[in-house]
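Observations on the model geometry
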Amino acid sequence: MLEFYKTFEDGTRKIQEPEPGCWINAIAPTEEERYYLIEQIGVLPEFVKSSLDEEESSHMDYDDDFRQLLIIFDYPSAENEDDDSIDSTYSTLPIGIVILKGYVVTISLYENWSILEMSQGRIKGMDTRLKTRFFLLLALRISQRFLICLRQIDRLSSRAETRLHQSVENDELIEMLGLEKSLVYFSTSLKSDEVTLNKIMRGKQIQLYEEDEDLLEDVMIEIHQAIEMCNIYSNTMAGTMDTFASIISNNMNIVMNKLTVITIVMAIPNIIFGFYGMNVQLPFPFVWFPSFVAILACVIATVYFFRHNMFK
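Here's what I pulled together on the structure shown here. Only a predicted model underlies this, so the values are computations on that prediction, with no experimental measurement involved. (Residues numbered from 1 in each chain as written. Predicted model: local features only at pLDDT ≥ 70, side-chain atom pairs only at ≥ 80, totals over all residues. Heavy atoms only, no water.)

Looking at the nonpolar core
In plain terms, the rule: Only buried residues count toward a nonpolar core. Its members are Ala, Val, Leu, Ile, Met, Phe, Trp, Tyr and Cys residues joined through side-chain atoms within 4.5 Å. Only protein chains enter the area calculation, which uses a 1.4 Å probe; residues under 20% of their type maximum are buried, those over 50% are exposed, and those in between are partly exposed. Starting at the N terminus, helices and strands are each numbered in turn, a helix being any DSSP run of H or I of at least four residues and a strand any DSSP run of E of at least two.
Core analysis: the biggest nonpolar cluster contains 57 residues, and Ile97, Phe135, Leu197 and Ile200 have the highest contact counts within it. Contributions of two or more residues to this core are made by β5 (68-78), β6 (90-100), α3 (113-119), α4 (131-166), α5 (170-201) and α6 (210-276). A per-element tally of this core places α4 first, with 16 residues. In this structure, Leu2, Leu52, Val98 and Leu100 belong to the second largest nonpolar core, which totals 20 residues.

As structure tokens, this is what we get:
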């Protein structure tokens, strides 16, 4: 899908054909659309390929010959955006921002909230003619989206922990494991985005004006806050998982202890009756005597184990 947007005096509107100073938004482009971006717009083929690679990490690439800049930036993604869903799985995906003469092009495999908000004109101060400002506003929305997803992960983790307090089940542990894995993805992508922003801050490939520098500082603050939150949540969740693993191990030891005590008590009658089952002469050859001895021995063993808290 290819869409074209341009900022006019009265705001940003969708246009039918690309014009100088417009924003070209490509989401999961077809082969024909990729060809159009390469041949008609002039985007380098390797830039298009990198932007559509799910495994591509955040970085910046500049081509001196064609004077094109590619910025790969990771953004958060969730399979289920519903805050109340316990089945939400979070990951990160790359989006490519290509800055070239006359245009700014965004290329991604999937639609995301940040691009949707910008296309709807809900971002204050957005101007497609100001390419650096456009990228920084997009990066700011992505960093804020990271914070929103992190708060959702924290809520899901708290709910799973509450259910674990009531009953330690595999479903809750698997959910906690999935959230912990999401935090690892977030931490890796946020650190890569931070490195990319630090390169932009040096101002070698992108010229930064005073307003752009202030906006870049805001983005860096949001990224740093997201990294700190991610580290805190990750450490907290790891500690919680270790605690419940210890609880499960302790519960199993208690169960095994009880089963061992019961086995010992139940083995006493077998030992006594085993003597009277042998083909030898034994004293008191009466049926009631071994039964009485077995019951008395079981009672004595049970009292002993109770006094030593072996049934708790």
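Overview of the sheet that holds strand β1 (residues 2-8)
Under the convention used in this document: Here, strands pair whenever DSSP counts at least two bridges between them. To get an axis, fit a line to the C-alpha atoms, keeping to the stretch in contact for a helix; angles then go from 0 to 180 degrees between the N-to-C directions.
The strand order across the open sheet formed by seven strands is β2-β1-β3-β7-β6-β5-β4, and the pairing between neighbours is mixed. Edge positions in the sheet fall to β2 (11-15) and β4 (59-63), since each has one partner strand and no second. Within the sheet, the average angular offset between the axes of one strand and its neighbour, ignoring direction, is 25°.

Remarks on helix α1 (residues 31-41)
We apply this condition: Here the arc refers to the directions that run from the helix axis out to each C-beta atom. Residue contacts are defined here by distance: any two heavy atoms, one from each residue, within 4.5 Å place the two residues in contact.
If you check which residues of α1 are buried, you get Glu33, Leu37 and Ile41. Each buried residue of α1 sits inside an arc of 50° when the element is viewed along its axis, so together they form one side. In α1, the exposed positions that point more than 90 degrees away from the buried face belong to Glu31, Glu32 and Tyr35. Here the buried face of α1 lies against β1, β3 (22-27), β6 and β7 (103-108). Trailing α1 by a residue or two, glycine 42 shows a phi angle of about 100°, which is positive.

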